[in-house]
Amino acid sequence: MPCLTEQIDRALSDGKLRADAAENIRRILSGEEGDFAARVIGELSQASEWEELNDRFYKTLAFGTGGLRGRTIGKIVTSSERGTPTALGRPEFPCVGTNAMNYFNVGRATRGLVTYIQKWRSRQRMEGRPKIVIAHDTRHFSQEFARLAAETASAKGCDAVVFDGPRSTSELSFAVRYLNADAGIVITASHNPPHDNGYKVYFNDGAQVIEPHASGIIAEVNEPNGGASSVPSQKVRDDTAVVPPRGEIIFTGDEIDRSYVERLATLILDRGLMERTHDLKIVYTPIHGTGGVIVKPMLGKIGLNFSVVPEQDQFDGRFPTVKSPNPENAEALNLGISLAQKQNADLVVATDPDCDRMGVAVRTSAGEMKLLSGNQIGSLLAWYRAKTFFELGILNKENASRGVIIKTFVTTDLQKAIAEKFGLRCVDTLTGFKYNGAKLKKYEELTRAQNYRELSEEETRRLRLEKSSFYIFGGEESYGYSAADFVRDKDGNAAVIMFCEVAAYAKSRELTLDELLDQVFCEFGYFEERNHSVYFEGADGAEKIRRLLISYDENPPRQVMDSPVTRVQNFEKDTIRDSDGDEIPKEKMLIFELAAKTRIAVRGSGTEPKIKYYLFGARLPGNGKLSREELARAKTEIGNRLDGLWSWLEEDANQRLAK
């Protein structure tokens, strides 16, 4: 240990090791995992892998829009970490580092979470043991992290209800509400690369934590020993403090699956349509993730004609058949598209490893398979559900103002145009479905129903239409969708079912889905979006992202290409309110509005080491509707303009970083 400490001190003085990394390394070496950590750090220092050590230790993972998320397998895997690899080639141990998803960070996060919940329950004068529900996806170490979280929670006097196998993030959200739990944890990194994993936290409403709970949990996590020093205690007669009794660990699965599927079935608005459209052919792929647990039996229960991509229909944290398990990427759907071509299927649907996102490819009138963007998928869902609710008489002119579509600021304004034409409200939120969940919590509270969770979908809908706001649809451009409040996060299971109904509707009208989308464009206007990201990994990358965001903040562009910037919205400094009148939380995001319905949004990702750019263009109908010729012309002109905007932004970003 002294020799290793000397190496760390020497690397620090030589400028090879960052000061923050050196401080975190010393802290880890003095902790409970010091011996194993010393072997790993020793291997990396002997090999002079200072960049790897800087990346692993320059910070401690903090909660972002997706909770904790980071590498669980390092860029360099030491022999100590490799140990005896599993049958799939996974290292025996997760990578050592304060900036990594490993047992250290899972343990400290869970201790901090449980401590916060115990204090919160005490303030609410709640009796009995707290309860946490824990789920995990199919990623490397997910099962082990879930087990550690359960054991840690139990040791601190909290009951832990653990799913008996991989389950989706959305089912975890449902289970928190169904079981009236205090919180939920899901071990997942969503659609990130195989070397990543993560830890999402949900509060008792089934939504990801927001303020003030987020800051409260982080404060407990950052306490010495991850909150261990502030374990709430009971008092015996002599005022001696004793540790709370151990909580139970309870395994669950089938019961919640059945209840969740029963509720998902209520999302189908026209069951007769689904039953009549026997010639609709669907290909589904879970991309080695959790989606098959619910989607496959659900599609079978509905009676749809579907096939599953066999190569991707098994749990495998390597995601060996794709470069990235992200249904946003065309490559991730290649096997599904290949099967669809063989079977002459109408539709390919794909969900990511934790089944909270869905991507699709649709057959065009020319017989080709075409990917739809997240904005296009969401707009078709929003339009179909709004239209059908009016046709069913659930919505009408008198109660339309109670109907609400929720989207993010960086999601297409086509959904806003749809809402306005139907007389509905459209509410913009920050990126992250936790803000969508916060809205749903507010709308639930306005019903004043004490037994809201026990009511049927029909009963809660009646209450929302009478006293609050009826949630029609919610979505974000990054392929996340939702249309009911029994789940308080985006829901890939629900998205598959809902989009299959839209496909059945198009088929019943003898339209392809892209033809149906063009009809929507002609009616509401043509909207096109482009999303781009620039990755900056590691400690140096984080500094570049910080500098670039500061540059946009302090020196926003006054002109972009040939267009002056007519308005700048700074979400970190400005007071911005949504259409409900609620103040938007502060966030490092800027929106630059240009002429001709064009705008640009810039923000740092909350889950990946990148800065994200969102480009928007639109052409509204001049005389009621766009003609086919006007639509074709708008597609070409707006597409070219957005291409030009991105070229300009890339060059501008490079110039800003060079200063």
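Residues numbered from 1 in each chain as written. Predicted model: local features only at pLDDT ≥ 70, side-chain atom pairs only at ≥ 80, totals over all residues. Heavy atoms only, no water.

Draft legend 1. View of the overall build of the chain. Scanning the chain from terminus to terminus reveals 21 helices and 24 strands. Referenced to the eigenvectors of the C-alpha coordinate spread, the extents of the chain come out at roughly 80 × 60 × 50 Å. When the 659 residues of the chain are sorted by exposure, 59% land in the buried category. The long-range share in the chain, meaning contacts at least 24 apart out of those at least 6 apart in sequence, stands at 71%. Per element, the accessible surface of the chain, about 26700 Å² overall, is 47% carbon and sulfur. One way to put it: in the chain the 88 positive side-chain charges average out to a point 2 Å from where the 95 negative ones average out. (Helix = DSSP H or I, 4+ residues; strand = E, 2+ residues; numbered from the N terminus. Buried < 20%, exposed > 50% of the residue type's maximum accessible area, 1.4 Å probe, protein only. Contact = heavy atoms within 4.5 Å. Areas by Shrake-Rupley, 256 points an atom, 1.4 Å probe, with all protein chains shown as cover. Lys, Arg positive; Asp, Glu negative; His and termini not counted. Charge placed at Lys NZ, Arg CZ, Asp CG, Glu CD.)

Draft legend 2. Expanded view of the sheet that holds strand 12 (residues 358–363). Spatially, the five strands line up as an open sheet ordered 10-9-11-12-13, and their pairing is mixed. The open sheet has two edge strands with one neighbour each: strand 10 (305–308) and strand 13 (369–371). Going from strand to strand, the sheet's axes swing by 25° on average, the running direction of each strand aside. Across four bridges, the pairing between strand 9 (residues 281–285) and strand 11 (residues 347–351) is parallel. Considered in strand 11, the bridge of Val-283 is made with Val-348. (Pairing = 2+ DSSP bridges. Axes fitted to C-alpha atoms, helices over the stretch in contact; angles between N-to-C directions.)

Draft legend 3. Summary view of the pattern of salt bridges. Inspection of the entire model under this criterion finds 52 salt bridges. Linked by salt bridges that have partners in common, Arg-177, Arg-263, Glu-444, Glu-457, Arg-464, Asp-485 and Arg-488 make up one network. (Salt bridge = Lys/Arg side-chain N within 4 Å of Asp/Glu carboxyl O.)

Draft legend 4. Fine view of the nonpolar core. Membership of the largest hydrophobic core comes to 113 residues, with the highest contact counts inside it found for Leu-347, Phe-499 and Tyr-613. The element best represented in this core is helix 18 (residues 492–508), accounting for twelve residues. Setting aside residues up to four positions removed in sequence, Phe-499 forms contacts with Leu-347, Met-358, Val-360, Val-362, Leu-372, Ile-377, Leu-380, Leu-381 and Leu-513. Counting residues in each nonpolar core, the second largest holds 32 residues, with Ile-73, Tyr-116, Phe-145 and Phe-203 among its members. (Core = buried A, V, L, I, M, F, W, Y, C linked by side-chain atoms within 4.5 Å.)

Draft legend 5. Region of the structure containing the confidence of the model for the chain. In this model, the chain carries a mean pLDDT of 93, and residues with pLDDT of at least 70 account for 95%. Predicted confidence for residues 226–242 stays below pLDDT 50, and this span has 30 contacts to residues more than four positions away or in other chains. (pLDDT = per-residue confidence, 0-100.)

Draft legend 6. A look at empty space enclosed by the protein. For the structure shown, the criterion picks out three cavities of 30 Å³ or more. Roughly 50 Å³ of internal volume is contained in the largest cavity. For the largest cavity, the full set of lining residues is Leu-549, Asp-553, Asn-570, Glu-572, Lys-588, Met-589 and Leu-590. Looking at the lining of the largest cavity, the elements that each hand over two or more residues are helix 20 (538–554) and strand 22 (589–593). (1 Å grid on protein atoms, 1.4 Å probe; cavity = no way out; pocket = protein on both sides within 12 Å on 5 of 7 lines; lining within 4 Å. Points joined across faces, edges and corners; volume = space filled by probe spheres on them.)

Draft legend 7. Spotlight on the packing of aromatic side chains. Taken as a whole and assessed by the stated rule, the structure comprises 19 aromatic pairs. Both rings, one in Phe-174 and one in Tyr-260, keep their centres 5.3 Å apart while their planes meet at 40°; by these two values the pair is tilted. In this pair, Phe-174 sits in helix 8 (residues 169–178) while Tyr-260 sits in helix 10 (residues 254–264), placing the two residues 86 residues apart along the sequence. Accessibility classification places Phe-174 together with Tyr-260 in one group, the buried group. With 6.2 Å between their ring centres and 80° between their planes, Tyr-552 and Tyr-613 make a pair best called edge-to-face. With Tyr-552 in helix 20 and Tyr-613 in strand 24 (residues 610–619), this pair connects stretches of sequence that are 61 residues apart. Look at Tyr-552 and you get buried, because its relative accessible area is 1%. On the accessibility criterion, Tyr-613 (1% relative accessible area) is buried. (Phe/Tyr/Trp six-rings, centres within 6.5 Å; stacked < 30°, edge-to-face > 60°.)

Draft legend 8. Region of interest: unusual backbone geometry. In the segment running from Glu-211 into Pro-212, the intervening peptide bond is cis, with an omega of 5°. Along the chain, Pro-212 turns up in the loop between strand 5 (196–203) and helix 9 (213–221). Phi is positive for Cys-355, which is not a glycine, with a value near 55°. Summarising the element assignment, Cys-355 is placed in the loop between strand 11 and strand 12.

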